[in-house]
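# Remarks on the overall topology
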Amino acid sequence: MEKKVHVRLDRNSDFTLREVLKKIEEIQEQYPDLDVFFDGDDYAICSRPRKVPVKR
């Protein structure tokens, strides 16, 4: 599944962890069908579609 970058952070920015978590919450509220996460490799807030469990 392809991830989407919502916010790319500058590694030298003054963003606090609290601000990053708040931004993740805001994106989750906007897009409830996506898993929103912080990607440390890209230093960005990203998302991808939620995996739907298979019902048997």
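Residues numbered from 1 in each chain as written. Predicted model: local features only at pLDDT ≥ 70, side-chain atom pairs only at ≥ 80, totals over all residues. Heavy atoms only, no water.

### Considerations on the overall build of the protein chain
Operational definition: Secondary structure elements follow DSSP: runs of H or I no shorter than four residues count as helices, runs of E no shorter than two count as strands, and numbering proceeds from the N terminus. Every radius of gyration here is taken over C-alpha atoms, with the globule rule written as 2.2 Å times N^0.38, N being the number of residues. By the convention used here, residues are in contact when the closest approach between their heavy atoms is within 4.5 Å. Calculation of accessible area relied on Shrake-Rupley with a 1.4 Å probe; when residues are assessed, cover is drawn exclusively from the protein chains displayed.
When helices and strands are tallied, the protein chain shows one helix and three strands. Secondary structure of the protein chain in N-to-C order comes out as β-α-β-β. Against the 2.2 N^0.38 benchmark of 10 Å for 56 residues, the protein chain shows a C-alpha radius of gyration of 13 Å, more extended than a compact globule. With the principal axes as the frame, the protein chain shows a C-alpha extent of 50 × 20 × 15 Å. Once local pairs closer than 6 in sequence are excluded, the contacts in the protein chain between residues at least 24 apart make up 49%. Here the protein chain has roughly 4,900 Å² of accessible surface; of this, 49% comes from carbon and sulfur atoms.

### What about the packing of aromatic side chains?
Let me state the cut-off plainly: Put simply, two rings from Phe, Tyr or Trp (the six-membered ring, in Trp's case) pair if the centres are within 6.5 Å, and we call them stacked under 30 degrees between planes, edge-to-face over 60, tilted for the rest. Each residue's exposure class comes from its accessible area (1.4 Å probe, protein chains only) as a fraction of the maximum for that residue type: buried when under 20%, exposed when over 50%, partly exposed otherwise. Should the NZ of a Lys or the CZ of an Arg lie within 6 Å of a ring centre and within 35 degrees of the ring normal, that charge is described as sitting over the ring.
As enumerated under the stated definition, the model contains one aromatic pair in all. Centroid distance Phe38 to Tyr43: 5.5 Å. Interplanar angle 80°. Geometry classified as edge-to-face. On the basis of relative accessibility, which here comes to 35%, the residue Phe38 falls in the partly exposed class. With a relative accessible area of 27%, Tyr43 lands in the partly exposed category. Just above the ring of Tyr31 sits the side chain of Lys4; from NZ or CZ to the centre is 5.6 Å.

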